Amino acid sequence: ADNIDIDNIPQPRETAPLIVDAKELADRLKSGTEEAYFVAEREKIMEQLQQHGAILFKNFETMKDAEGFRAFYDALQLNPCLDPIHTSG
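Read on for a plain summary of the structure. Every chain begins its residue count from 1, and numbering advances along the sequence as written. Owing to the predicted nature of the model, reporting of local features is limited to residues with pLDDT of at least 70; listing and counting of side-chain atom pairs is limited to 80 or more, with chain, interface and lining totals taken over all residues. The basis for every side-chain value is the complete set of heavy atoms in the structure, and neither hydrogens nor water enter the calculation.

**Focus: unusual backbone geometry**
Glycine aside, the phi torsion of most residues is negative, and most peptide linkages are trans. In this structure, Asn 59 takes a positive phi of about 65° despite not being glycine. Checked against the element boundaries, Asn 59 lands in the loop between β2 (55-58) and α4 (66-75). Strands are runs of DSSP state E lasting at least 2 residues, helices are runs of H or I lasting at least 4, and numbering of each runs from the N terminus.

**Observations concerning the nonpolar core**
Ranked by internal contacts, the top residues of the largest apolar core, which has 14 residues, are Val 20, Tyr 37, Phe 38, Ile 45, Phe 57 and Phe 60. At the level of elements, β1 (18-21), α2 (34-40), β2 and α4 are the ones that each hand at least two residues to this core. When checking whether two residues touch, look at their non-hydrogen atoms; a contact exists if any pair is within 4.5 Å. For Phe 60, the contacting residues outside a window of four places in its chain are Val 20, Asp 21, Ala 22, Leu 25, Leu 29, Glu 34, Tyr 37 and Phe 38. By convention a nonpolar core is built from buried Ala, Val, Leu, Ile, Met, Phe, Trp, Tyr and Cys residues, the set being connected through side-chain atoms within 4.5 Å. Relative accessibility decides the category of a residue: with a 1.4 Å probe and only protein chains considered, values under 20% of the type maximum give buried, values over 50% give exposed, and everything between is partly exposed.

Take a look at the structure:
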């Protein structure tokens with residue numbers, strides 16, 4: 001650790017998780033709803049999920065309540081994972 005030059009560490013090319021911030025997509029999100037964005041970008045998002053293993057979606061209004069989060073899931077055609085206790089006796 002003594003020979004590591006922290007000031008010259010290269011920036012990572014990819015992150016895990018991939019961070020997708022609605023603030024950075026403001027221009028694209030103005031033309032339609034967030035749900036429309038997820039529908040249009042579904043294939044790309046799923047490819048990114050495979051590449052990065054996880055995606056952190058930040059600052060999206062859609063995911064601020066349960067109904068919006070469900071709309072997000074539906075737009076990406078994902079199946080929600082039920083709590084295991086949900087099916088136990």
